[in-house]
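# Residue-level structural notes
What follows is each chain in one-letter form.
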Amino acid sequence: MASSSTPKYNSNSLESSSNKRTLKDGTNWEQNEEIPRLPGETRVTDKDVIYMCPFNGPVKGRVYITNYRLYLRSVENGLPNERWRVTFINEHYGLCDTYPSLLVVPYNATDDDLKKVAAFRSRNRIPVLSWIHPETQAVIMRCSQPLVGMSGKRNKDDERYLDIIREANGQISKLTIYDARPNVNAVANKATGGGYESEDAYPNAELFFLDIHNIHVMRESLKKLKDIVYPNVEESHWLSSLESTHWLEHIKLVLTGAIQVADKVSSERSSVLVHCSDGWDRTAQLTSLAMLMLDSYYRTIEGFEVLVQKEWISFGHKFASRIGHGDKNHADADRSPIFLQFIDCVWQMSKQFPTAFEFNEQFLITILDHLYSCRFGTFLYNSESLREKEKVTEKTLSLWSLINSEKSKYTNPFYTKELNRALYPVASMRHLELWVNYYIRWNPRIRQQQPNPVEQRYMELLALRDDYIRRLEELQITNNSKISNSSASSASPSQMMSQVQTHF
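The following paragraphs examine the structure supplied in this document. Treat the numbers as computed from the prediction; the structure is a model and nothing was measured.

## Description of the overall build of the chain
Along the backbone of the chain there are 17 helices and 13 strands. Taking all 504 residues of the chain together, the buried fraction comes to 50%. Considering only intrachain contacts with a sequence separation of at least 6, the fraction spanning at least 24 residues in the chain is 70%. Total accessible area computed for the chain in this model is approximately 24,800 Å², and 50% of it derives from carbon and sulfur atoms.

Pasting the structure below:
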């Protein structure tokens, strides 16, 4: 769904000098029109709605239904606005076949600019908006590596585009670029035509390497972890065996990188650009974890579903290749537990902040179980374009339909809703632990963990509270009925209500 905020004009704006405004996607917008319309586009109906925007949460507005599309004009700060816009350039996946059909880009960048930038980015994965800070307007952008190569090629359009991103929130300081790879790997990628943003070519940007290893290192680490937990667990050498897998070290590096991204956006009010090689593995880990730390909406059940759907599924994480759906070749070099690592990081955060997440451990385990089960179409294929081609939404059900049909099963009873609170987990080996209830649950020698007695008792108390509230409401309804039918009664409604209040 496209969206729009109520346009603002000022005396210095070029748009204010004309009653007609031509948007970057080719639509014309008369200032007194309800929505910008394409040639031949006519309005069918409209209504007031609250749109759950994946970039900055709920947005109140009015949705207009035309013979071509849905269009939301927000009454609050929404997207697009005077700084950001929704582009339809990838509507048929012509620009990038691993990106979603709708992209949010800087308003001052034209679609022609985007095509030129795409030619200089691996797999045509241009820098696009993932999240915008509701107060500072600092943003998290994601993309792939620039195609610098051994000769150190430059692209003026790409350099100017990054400057436009930096200026979009009025930022004076440099744009921060986080390259998820180790420095040596980024240099080595030059030999295959890739590379990174140099200071000479991008003087208004600063680059940091986060030292997160590639898919092959992660695959070997998980194999080592599997070997020490199944079929036998060696108690006498457990700690040294776990250390030799380096699994928790990789979890630490991913969390550390995400903390740096979140802190830069929140504390330093600086926009950031995140990429790795192709921008669909480590990039997705970093952007989604940073958004989880900064935005409480993504810590709800619905919000987390939106986060996975947007940052992983729509933005082309290669689920089919990384998991090996339908492929019996277990030695496939493309396989890697990237999404599993992300869920593990989320679990580590939920252990450190037990009241901050609406979902529980069973929610995360269910997602991972059906990542491999192929029972739902949610994680099938490598990209949105392939799912659309194979008509996955018509032929399969979504995992989220199962979870949302029995939310109570996946709800954390200790959850306390908090707005605008950033979470910064401690990414230290002393605070990280192996997720025993997931990795060792099938070991025949390990007794299944019983439900947490504190959590179980809390659930019972919540059920008792709900029962008391229901009974109180029934008494209030009955008593109000008696009050309305008894005009001769001298007691006031407030006195009557006090008679049915409970000590609870």
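Read on, since the account is not over.
## Quick notes on the nonpolar core
Core analysis: the biggest nonpolar cluster contains 79 residues, and Phe304, Phe339, Phe342, Ile367 and Phe379 have the highest contact counts within it. Here the element with the most residues in this core is helix 6 (residues 247–266); it accounts for ten residues. Dropping the residues within four chain positions of it, Phe379 is found in contact with Val308, Ile313, Phe319, His325, Phe339, Ile367, His370, Leu371, Leu399 and Trp400. Leu103, Phe120, Val128 and Tyr202 belong to the second largest nonpolar core, which has 34 residues in total.

## Overview of the environment of Leu386
You can see Leu386 is positioned in helix 12 (residues 384–389). In the structure, Leu386 is positioned 288 residues away from Thr98 in sequence and 8.7 Å away in space, judged by C-alpha atoms.

## A closer look at the packing of helix 8 (residues 301–314) against helix 11 (residues 361–373)
Helix 11 packs onto helix 8 with a crossing angle of 30° between their chain directions and a minimal axis gap of 12 Å. With respect to each other, helix 8 and helix 11 are oriented roughly parallel. Taken as a pair, helix 8 and helix 11 cross one another with a handedness that is right-handed. Together, Ile301, Phe304 and Glu305 of helix 8 and Phe363, Leu364 and Ile367 of helix 11 make up the contact between the two elements.

## Some thoughts on the side chain of Thr300
Within the secondary structure, Thr300 is located in the loop between helix 7 (282–294) and helix 8. In this structure Thr300 touches Glu358, Phe359 and Tyr415, once residues within four positions along its chain are discounted.

## Regarding a nonpolar patch on the surface
On the surface, Leu461, Leu464 and Tyr468 cluster together into a nonpolar patch covering about 250 Å² of accessible area. Here Leu461 is to be found in helix 16 (residues 453–485).

## Section: the packing of helix 4 (residues 215–229) against helix 5 (residues 238–245)
Two elements in contact, helix 4 and helix 5, have axes whose closest approach is 8 Å; the angle formed by their N-to-C orientations is 160°. Taken together, the axis directions place helix 4 and helix 5 in an arrangement best described as roughly antiparallel. Every pair of crossing elements has a handedness; the one defined by helix 4 and helix 5 is right-handed. Residue-level inspection shows Ser221, Lys224, Leu225, Ile228 and Val229 of helix 4 in contact with helix 5, the latter providing Trp238, Ser241, Leu242, Ser244 and Thr245.

## Some remarks on the sheet that holds strand 11 (residues 175–179)
Judged by pairing direction, the sheet is mixed, and its five strands sit side by side in the order 9-10-13-11-12 without closing on themselves. The two strands at the open ends of the sheet, each matched to only one other strand, are strand 9 (128–132) and strand 12 (205–209). Direction aside, neighbouring strands of the sheet carry axes that sit 25° apart on average. As judged from the four bridges shared by strand 9 and strand 10 (residues 139–142), these two strands associate in the antiparallel manner. Across the sheet, the residue bridging to Ile132 is Val139, located in strand 10. Against the sheet, helix 2 (residues 156–167) makes contact with strand 10, strand 11 and strand 13 (272–275), and its axis sits at roughly 115° relative to strand 11, the strand it touches most. This element, helix 7, spans strand 9, strand 10 and strand 13 of the sheet and lies at about 165° to strand 10.

How each quantity is defined
Residues numbered from 1 in each chain as written. Predicted model: local features only at pLDDT ≥ 70, side-chain atom pairs only at ≥ 80, totals over all residues. Heavy atoms only, no water. Helix = DSSP H or I, 4+ residues; strand = E, 2+ residues; numbered from the N terminus. Buried < 20%, exposed > 50% of the residue type's maximum accessible area, 1.4 Å probe, protein only. Contact = heavy atoms within 4.5 Å. Areas by Shrake-Rupley, 256 points an atom, 1.4 Å probe, with all protein chains shown as cover. Core = buried A, V, L, I, M, F, W, Y, C linked by side-chain atoms within 4.5 Å. Axes fitted to C-alpha atoms, helices over the stretch in contact; angles between N-to-C directions. Parallel < 35°, antiparallel > 145°, perpendicular 65-115°, else oblique. Left-handed = near helix turned anticlockwise from the far one by under 90°. Patch = residues over 30% accessible without salt bridge, like charges linked within 9 Å, V, L, I, M, F, W, Y side chains within 5 Å. Salt bridge = Lys/Arg side-chain N within 4 Å of Asp/Glu carboxyl O. Pairing = 2+ DSSP bridges.

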